[in-house]
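Structure at a glance
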Amino acid sequence: MRSMNLVDSWVQTTYSTFKQPIPCKSFIGFICRPGIKPGFPRSKNPISSLSLSAIIAEEEPKIDAAAAAAKPPPFNFNAYVAEKANFVNKALDDAVPVRSPPMIHEAMRYSLLAGGKRVRPMLCIAACEVVGGHQSAVVPAACAVEMIHTMSLIHDDLPCMDDDDLRRGKPTNHVVYGEDVAVLAGDSLLAFAFEFMATATEGVAPSRVLAAVGELAKAIGAEGLVAGQVVDLSCTGNNTNVGLDTLEFIHIHKTAALLEASVVLGAILGGGSPDQVEKLRTFARKIGLLFQVVDDILDVTKSSEELGKTAGKDLAVDKTTYPKLLGIEKAMEFAEKLNEEAKEQLSDFDRDKRAPLVALADYIAHRQN
């Protein structure tokens, strides 16, 4: 009925145009009245209803294509990881060439370039970019945190520490080069990390570089990684009184501290405000603890081949873990809670710029090795 009223209105308007009296009140009456031959110009190629439908159909894809073009493509995490990992690997390779004496440099490179997920450098770069900085500002810092992480793995695997002979699917450093050289390789990576960050960082205010150096030093010293390692050693095999508070202290310091520093360094060197730095610090601390909770779960649910390191080691040395205190199911729930709380800290950042950090948090939560 509505469409017929519109047509009737059209008829009235058309007749007014030609200044003819309208002998009927409806379109049906108009077209059926004998003797009326409206003087409409005739088209040599009249448009049929089929042609009209074709025109409409042709326009619809154009509209859909325009809408699709306006919508940003979804974040491709796999492509991002591949790109950043290749970039970081090359930067590390260039940063630590073989010099004299060759043995120590070869030992450093053996563990540094043995693969790995490169999560910490990626977090450093992503944090820099989320506050509006450019990747070039944090390349030395991203390399530095990976050098220090590698140092911690070399030392952690020593017989006097965790006594492990498999790391990243390869024999550990001391198995290949001996304990003495392994200790020195770790020491050299630690020292060179600070040298490289202090001397190779460009385009950043000296005050920010200094703040970043201080942040990293604190994260790995007696108030950070070392503190966690010491308490962990004292509790291994003697964990009758180890509760959740002590376990959290161990992992906040031993594991989360360097992850936190990776993100905070990126935010500082990228030009982040104090408020942005603190939000990213909280985000990083939560995903740092999340990383260890997931590590504990994988240790009892995956094989050595899947992990690239010795599986079941925590149970063998009677180490307190989250699955041991909470059970597997509750540990998984705790991990998911940490992931959600971490991502909440990113809500005030640009959606596209925060996408890598969100994806990295999800990756840490759901990784399989």
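For every chain, the first residue of its written sequence is number 1, and the numbers climb from 1 along that sequence. Totals for whole chains, interfaces and linings use all residues, but because this is a predicted model, local features are given only for residues with pLDDT of at least 70 and pairs of side-chain atoms are given and counted only at 80 or more. The side-chain values count all of the structure's non-hydrogen atoms but skip hydrogen atoms and water molecules.

**Things to note about helix 5 (residues 102-112)**
- Relative accessibility under 20% of the residue-type maximum defines a buried residue, over 50% an exposed one, and the middle range a partly exposed one, all with a 1.4 Å probe and only protein chains included. Each helix is a run of H or I in the DSSP string that is no shorter than four residues. Each strand is a run of E no shorter than two, and both are numbered from the N terminus. Looking only at helix 5, the buried set comprises Ile-104, His-105, Ala-107, Met-108, Ser-111 and Leu-112. Seen end-on, helix 5 carries its buried residues on one side only, within an arc spanning 160°.
- Pairs of residues are marked as contacts when any of their non-hydrogen atoms sit within 4.5 Å. On its buried side, helix 5 packs onto helix 4 (77-95), helix 7 (139-156), helix 8 (173-177) and helix 9 (179-200). Note that the arc is defined by the directions from the helix axis to the C-beta atoms.

**Topic: the nonpolar core**
- Throughout this description, the term nonpolar core refers to a set of buried Ala, Val, Leu, Ile, Met, Phe, Trp, Tyr and Cys residues connected via side-chain atoms within 4.5 Å. Ranked by size, the top nonpolar core spans 89 residues in total, and within it Leu-123, Met-147, Leu-216, Leu-265, Leu-280 and Phe-283 carry the most contacts.
- The dominant element in this core, judged by the number of residues it contributes, is helix 12 (residues 244-269), at 13 residues.
- With near-sequence residues (within four places) excluded, Leu-123 lies in contact with Leu-259, Ser-262, Val-263, Phe-283, Ile-287, Leu-357 and Leu-360.

**Quick word on the confidence of the model for the chain**
- Scored by pLDDT, the chain comes out at a mean of 84, with 77% of its residues at no less than 70.
- For the chain, per-element mean pLDDT is lowest for helix 2 (residues 27-32), which scores 44, and highest for helix 9, which scores 98.
- The predictor attaches a confidence to each residue, called pLDDT, with possible values from 0 through 100. Under a pLDDT of 50 for its full length, residues 25-38 has, in the predicted model, 16 contacts with residues more than four places off or in other chains.

**Things to note about the packing of helix 7 against helix 9**
- Lines fitted to C-alpha atoms define the axes, with helix axes restricted to the stretch in contact, and inter-axis angles between N-to-C directions lie between 0 and 180 degrees. Contact geometry for helix 7 and helix 9: axes closest at 8 Å, N-to-C directions at 165°. Considering their axes alone, helix 7 and helix 9 lie roughly antiparallel with respect to each other. Crossing hand, helix 7 versus helix 9: left-handed.
- Gly is put with the polar residues, along with every residue not named as nonpolar or charged; the nonpolar set is Ala, Val, Leu, Ile, Met, Phe, Trp, Tyr, Cys and Pro, and the charged set is Asp, Glu, Lys and Arg. Here the residues of the contact of helix 7 with helix 9 are counted per class, giving 19 nonpolar, 3 polar and 1 charged. Under this scheme an angle from 65 to 115 degrees is roughly perpendicular, one under 35 degrees roughly parallel, and one over 145 degrees roughly antiparallel; angles in between are oblique. Working rule for handedness: look at the near helix, and if it is turned counterclockwise from the far one by less than a right angle, call the crossing left-handed; if clockwise, right-handed.

**Some thoughts on a negative patch on the surface**
- Like charges within 9 Å and nonpolar side chains (Val, Leu, Ile, Met, Phe, Trp, Tyr) within 5 Å are joined into patches, using only residues over 30% in relative accessible area that form no salt bridge. Calculation of accessible area relied on Shrake-Rupley with a 1.4 Å probe; when residues are assessed, cover is drawn exclusively from the protein chains displayed. Salt bridge, as used here, is a side-chain nitrogen of Lys or Arg placed within 4 Å of a carboxyl oxygen of Asp or Glu. By the counting scheme adopted, Arg and Lys are positive, Glu and Asp are negative, and His together with the chain ends is not counted. A single reference atom marks each charge: NZ on Lys, CZ on Arg, CG on Asp, CD on Glu. Side chains of Asp-163, Asp-165, Glu-179 and Asp-180 sit close together on the surface and give a patch of like negative charge.
- Note that Asp-163 resides in the loop between helix 7 and strand 1 (166-167).
- Residue classification places Asp-163 among the partly exposed residues on the basis of a relative accessible area of 46%.

**Some words on the pattern of salt bridges**
- One pass over the structure, following the stated rule, counts 21 salt bridges.
- Across the salt bridge formed by Glu-129 and Lys-84, the nearest N and O atoms sit 3.9 Å from each other. In this pair, Glu-129 is assigned in helix 6 (residues 119-130) and Lys-84 in helix 4, connecting sequence segments 45 residues apart.
- Taking relative accessible area as the criterion, Lys-84 reaches 5% and is therefore assigned buried.
- Close ionic contact of Asp-156 with Lys-254 constitutes a salt bridge, the shortest N to O distance being 4.0 Å. Taken together, the residues Asp-156 in helix 7 and Lys-254 in helix 12 connect sequence positions 98 residues apart. In this structure, Asp-156 and Lys-254 share a single accessibility class: buried.
- Among the charged side chains, a salt-bridge network with shared partners connects Glu-215, Glu-260, Glu-278, Arg-281 and Arg-285.

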